[in-house]
Amino acid sequence: MADEALVRSLFHEHGRAMLAYASQLTRDRAAAEDVVQEALVRAWRHPDSLVNGKGSVRGWLLTVVRNIVTDQVRARRARPTEVPESPTDVAIQRDHADQVVNSMVVMDALNQLSTEHREVLEQVYLLGSTVAEAAKALNIPPGTVKSRSYYALRALRDIAKRPVEAERPAS
């Protein structure tokens, strides 16, 4: 109980000065609070050092604060720098089932278009041709490429809106 009273009185009398000094040394409030706490623990463990008459109590406490900070700095320098944990080298492959299904749906829809409409869409969207390039490749006027692509996309949209009919086994 007397030890607890000693620590409380030390903190009450010298806590602010210790915290200010530790904050100045560490430049981090949380670290400074930890240093003050450690200094008070050392004072509690060695109460005879406070009353041996070799100097002021505050001087002893501030020396302990400085020594703790110095020890922490030395310990950090002695230890190798911590590096974050590296990610695992195993590549995670995403499930491509949706992509396969979408491709099948698009291919089925393209197969339902007329040959002329499908050829224009293949030139413009799959091969990335401009209207002029598609017209040249298909040997049709650019205006025809534009109108066929318009109607082909409209037909695809209508096909996509249709309800999906489940395949029924033959009876």
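Since the structure is predicted, the reported quantities are computational estimates derived from the model, not experimental observations.

(A) Quick peek at the confidence of the model for the chain. Averaged over every residue, the pLDDT of the chain is 83; residues scoring 70 or more account for 87%. Within the chain, the element-level pLDDT minimum falls on helix 4 (residues 97-111), averaging 82, and the maximum on helix 6 (residues 131-138), averaging 92.

(B) Quick look at the packing of aromatic side chains. Scanning the model with the defined rule gives one aromatic pair in all. Arranged with centres 5.0 Å apart and planes meeting at 80 degrees, the rings of Tyr150 and Tyr151 form a pair that is edge-to-face.

(C) How the structure looks around the nonpolar core. One finds Leu10, Met18, Ala22, Val35, Val36, Ala39 and Val65 to be the most contacted residues of the largest nonpolar core, which totals 16 residues. Of the residues forming this core, the biggest block, six residues, is contributed by helix 2 (residues 29-45). Excluding residues that lie within four positions of it along the chain, Val35 makes contacts with Ala22, Thr26, Val65, Ile68, Val69 and Gln72. If you look at the next biggest cluster of nonpolar residues, it comprises six residues, including Ala109, Leu110, Leu113 and Leu121.

(D) Layout of unusual backbone geometry. Here Arg27, not a glycine, exhibits a phi torsion of approximately 60 degrees, which is positive. Assessed through its relative accessible area of 76%, Arg27 is described here as exposed.

(E) Seen up close, the pattern of salt bridges. Evaluated as defined, the whole model comprises two salt bridges. Two residues, Glu33 and Arg29, come together in a salt bridge whose shortest N-O distance is 2.9 Å. Of the two residues, Glu33 and Arg29 both sit in helix 2, four residues apart, roughly one turn of that helix. The shortest N-O distance in the salt bridge between Arg42 and Glu38 comes to 3.1 Å. You can see Arg42 and its partner Glu38 sitting in helix 2, four residues apart, about one turn around the helix. On the accessibility criterion, Glu38 (29% relative accessible area) is partly exposed.

(F) Focus on helix 3 (residues 57-78). With 22 residues, helix 3 ought to run about 32 Å at 1.5 Å a step, and its terminal C-alpha atoms sit 31 Å apart, in line with that. The set of residues buried in helix 3 consists of Leu61, Val64, Val65, Ile68 and Val69. For helix 3, the arc enclosing every buried residue in end-on projection is 130 degrees, short of the 170-degree limit, so these residues lie on one face. Of the exposed residues in helix 3, the ones pointing more than 90 degrees away from its buried face are Arg74, Arg77 and Ala78.

Cut-off values and rules
Residues numbered from 1 in each chain as written. Predicted model: local features only at pLDDT ≥ 70, side-chain atom pairs only at ≥ 80, totals over all residues. Heavy atoms only, no water. pLDDT = per-residue confidence, 0-100. Helix = DSSP H or I, 4+ residues; strand = E, 2+ residues; numbered from the N terminus. Phe/Tyr/Trp six-rings, centres within 6.5 Å; stacked < 30°, edge-to-face > 60°. Core = buried A, V, L, I, M, F, W, Y, C linked by side-chain atoms within 4.5 Å. Buried < 20%, exposed > 50% of the residue type's maximum accessible area, 1.4 Å probe, protein only. Contact = heavy atoms within 4.5 Å. Salt bridge = Lys/Arg side-chain N within 4 Å of Asp/Glu carboxyl O. Expected span 1.5 Å × (residues − 1). Arc of directions from axis to C-beta.

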